Structures are given as structure tokens and as C-alpha cells.
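Listed below, chain by chain, are the residues.
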Amino acid sequence: MNDLIDQAGLFIETNQAWAGPIIALLTLGESLILVGLFIPATALLLLVGGLAGAGTLPLVPILLWGIAGAIVGDAVSYYLGRWMGPSVVRRWPLNTQRSAVARARLFFHRYGFVSILVGRFLGPIRSTIPLVAGVMSMPNARFQAANVLSAILWMPLIMAPGYLAAKGVEHAQNSQQFGLIIGSAISVVVGIWLLVAATKKRRNPSDRR
């Protein structure tokens with residue numbers, strides 16, 4: 001796996017004109033049901049973040065390509081779930097992934113909108129939740145709002161460690177950019193925690209007594 005990651009990183013570095021589309025395909029595949037289980041997206045995006053931090057790749061275009069791919073990948077899984085309905089989870093190959101599907105369904109049932117937002121950050125069920133949202137007929141506009149927002153948050157945060165490492169920890173700590181990234185990360189974590197807490201409270205009638 002490490003050799004594959006190194007080769008992919010070298011290919012991206014030496015074919016910079018194709019870096020954006022390659023990153024989009026990577027994040028798209030990582031978000032697709034089942035396909036995402038076989039793509040080492042986190043490691044590759046950390047590597048890409050390092051290339052961006054070193055100035056080898058342009059940061060903003062890479063972020064935009066990655067966000068676009070992530071949005072499309074989740075949308076495809078969602079529409080597949082809506083089109084095929086509940087039967088999709090009883091067919092091969094999903095019938096061999098019952099545990100992951102069950103966890104995704106439970107998570108979605110409990111948290112709804114928030115599950116789409118948070119689910120992109122949860123590796124084991126990341127690519128399953130959009131499919132479950134489609135199967136359970138989540139309104140399209142509501143799903144896409146969570147899909148877009150989660151992609152915008154996820155892409156820079158997943159690249160940040162590699163980017164900062166390339167910039168140098170000492171330099172990054174003294175830069176406004178480092179403060180903005182860390183501040184954004186803390187805000188995202190706190191915001192997600194507050195959303196989950198609010199959703200749990202709203203779904204538990206006993207909390208209102």
C-alpha cells in the first residue's frame with residue numbers, strides 16, 4: 001500500500017497539469033459506496049497537502065477540485081440509494097457489508113442532517129451514509145446542503161497536516177495562516193459537537209420535561 005501511495009504521489013508531482021482532475025477522481029472515488037473502501041484517500045491527500053505546502057501544487061485549485069469530487073461522489077451514492085431503494089442493501093455486494101450498512105443506518109436514523117455532515121469524517125461509514133440517506137428518502141435539497149458543507153470543511157482539514165508539515169512547524173506557528181487553520185478546525189469540531197448535542201436533545205422528549 002505504501003508503494004502505491006508513493007507512486008501515486010510521484011505521478012501527481014510529475015504531472016501537475018493533471019493534478020486537479022486526479023484529485024477530483026480520488027475524492028469522488030473515496031466517497032462512492034464500496035469503492036471508497038479500497039482507496040487510501042486520507043494518506044494520498046496528506047501527501048497532496050505536503051506538495052501544496054512545498055509550493056509544488058497550487059493550493060486553491062487543488063482544494064476546489066477535491067471539494068468538487070467529494071460532492072459528486074456523495075451525490076452519486078445518494079441517487080443510487082434513491083433509485084434502487086431498500087433492495088440495494090440486500091443485493092451483492094452490499095449484502096456482504098451488513099455490519100457497515102447497519103451502523104450507517106443507525107447513525108442516519110439518530111442524527112439525520114448531522115449524520116451527512118459528520119459522516120464524511122468517519123472512515124468506516126463515510127461512503128455508506130449517503131447511500132442510506134437516499135434509501136431512506138432524505139429530501140434532496142437537505143442532503144445536498146449537508147453534502148456541500150461537509151465537503152468544504154473536510155477537504156482543507158484533511159490536507160492541513162501535510163500542508164503545515166511542509167511549511168515547517170515553527171514557521172506555521174508564527175504565521176497568521178496557521179492560526180486561521182487551527183481556529184477553523186476548532187470551530188468545526190465545536191460546531192459539529194453542538195449540532196450533534198442539539199439533535200440528540202431534540203430527539204429525546206424526556207429532555208423537555
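Small disclaimer: the values here were computed from a predicted structure and weren't measured. (Residues numbered from 1 in each chain as written. Predicted model: local features only at pLDDT ≥ 70, side-chain atom pairs only at ≥ 80, totals over all residues. Heavy atoms only, no water.)

Student: I keep staring at the overall build of the protein and nothing clicks. Help me out?
Tutor: For the protein, the count of helices and strands is 10 helices and 0 strands. Start at the N end of the protein and walk to the C end: the helices and strands fall as α-α-α-α-α-α-α-α-α-α. Residues classed as buried in the protein amount to 43% of the 209 residues present. Residue pairs at least 24 apart in sequence account for 77% of intrachain contacts in the protein once pairs closer than 6 positions are excluded. Summed over all atoms, the accessible surface of the protein reaches about 11200 Å², with 65% contributed by carbon and sulfur. (Helix = DSSP H or I, 4+ residues; strand = E, 2+ residues; numbered from the N terminus. Buried < 20%, exposed > 50% of the residue type's maximum accessible area, 1.4 Å probe, protein only. Contact = heavy atoms within 4.5 Å. Areas by Shrake-Rupley, 256 points an atom, 1.4 Å probe, with all protein chains shown as cover.)

Student: For this particular structure, what's the right way to read the packing of aromatic side chains?
Tutor: When we look at a pair of aromatic rings, we describe it by the centre distance and by the angle of the planes. If you walk through the whole model with that rule in mind, you get 3 aromatic pairs. Note on Phe107 and Tyr111: the rings are 5.0 Å apart at their centroids and 65° apart in plane angle, and the pair reads as edge-to-face. Residue Phe107 and its partner Tyr111 are located together in helix H5 (residues 98-111), separated by 4 residues, close to a single helical turn. What makes Tyr111 buried here is its relative accessible area of 13%. (Phe/Tyr/Trp six-rings, centres within 6.5 Å; stacked < 30°, edge-to-face > 60°.)

Student: Quick question: what am I supposed to make of the pattern of salt bridges here?
Tutor: Where charged atoms from two side chains of opposite charge approach closely, those side chains can pair. Applying the stated criterion across every chain, the model contains 1 salt bridge. Put simply, Asp74 and Arg120 hold a salt bridge, and the shortest N to O gap is 2.9 Å. Remark: Arg120 occurs in the loop between helix H6 (113-119) and helix H7 (129-135) and Asp74 occurs in helix H4 (residues 59-84); sequence separation between them is 46 residues. On the basis of relative accessible area, Arg120 is assigned to the buried category, the value being 1%. (Salt bridge = Lys/Arg side-chain N within 4 Å of Asp/Glu carboxyl O.)

Student: Any chance you could explain the side chain of Ser115 here in plain terms?
Tutor: Turning to its location among the elements, Ser115 is positioned in helix H6. At 2.5 Å, the side chain of Ser115 forms a polar contact with the backbone oxygen of Gly112. (Polar contact = N/O pair within 3.5 Å; in protein donor to acceptor, adjacent residues only side chain to side chain.)

Student: Mind showing me how you'd approach the side chain of Arg120 here?
Tutor: A polar side-chain atom of Arg120 sits 3.4 Å from a polar atom in the side chain of Ser31. Polar side-chain contacts of Arg120 include one of 2.9 Å to the side chain of Ser150. Apart from residues no more than four positions distant in its own chain, Arg120 is found in contact with Ser31, Ala70, Asp74, Arg126, Asn147, Ser150, Ala151 and Trp154.

Student: Looking at this model, I keep getting lost on the nonpolar core. Mind explaining?
Tutor: Soluble, globular proteins show a tendency: their nonpolar side chains are buried together. Counting residues in hydrophobic clusters, the biggest one holds 22 residues, and the most contacted among them are Leu45, Met155 and Met159. Of all the secondary-structure elements, those providing two or more residues to this core are helix H2 (19-31), helix H3 (41-53), H4 and helix H8 (140-167). Ranked by residues supplied to this core, first place goes to H8 with 7 residues. Apart from the residues within four sequence positions on either side, Met159 is in contact with Leu45, Val48, Gly49, Ala52, Leu59, Ile62 and Leu63. Counting 15 residues, the second largest nonpolar core, distinct from the first, contains Tyr78, Phe107, Ile129 and Met138. (Core = buried A, V, L, I, M, F, W, Y, C linked by side-chain atoms within 4.5 Å.)

Student: Sorry, what's going on with the packing of H2 against H3 here?
Tutor: Remark: H2 packs on H3, axes separated minimally by 10 Å, with the N-to-C direction vectors making an angle of 155°. The angle between the axes of H2 and H3 places the two elements in the roughly antiparallel class. The element H2 and its partner H3 pack so that their crossing is left-handed. In contact with Ile23, Leu26, Thr27 and Glu30 of H2, H3 contributes Ala41, Leu44, Leu45 and Val48. Of the residues in the contact of H2 with H3, the class split is 6 nonpolar, 1 polar and 1 charged. (Axes fitted to C-alpha atoms, helices over the stretch in contact; angles between N-to-C directions. Parallel < 35°, antiparallel > 145°, perpendicular 65-115°, else oblique. Left-handed = near helix turned anticlockwise from the far one by under 90°. Nonpolar A, V, L, I, M, F, W, Y, C, P; charged D, E, K, R; others polar.)

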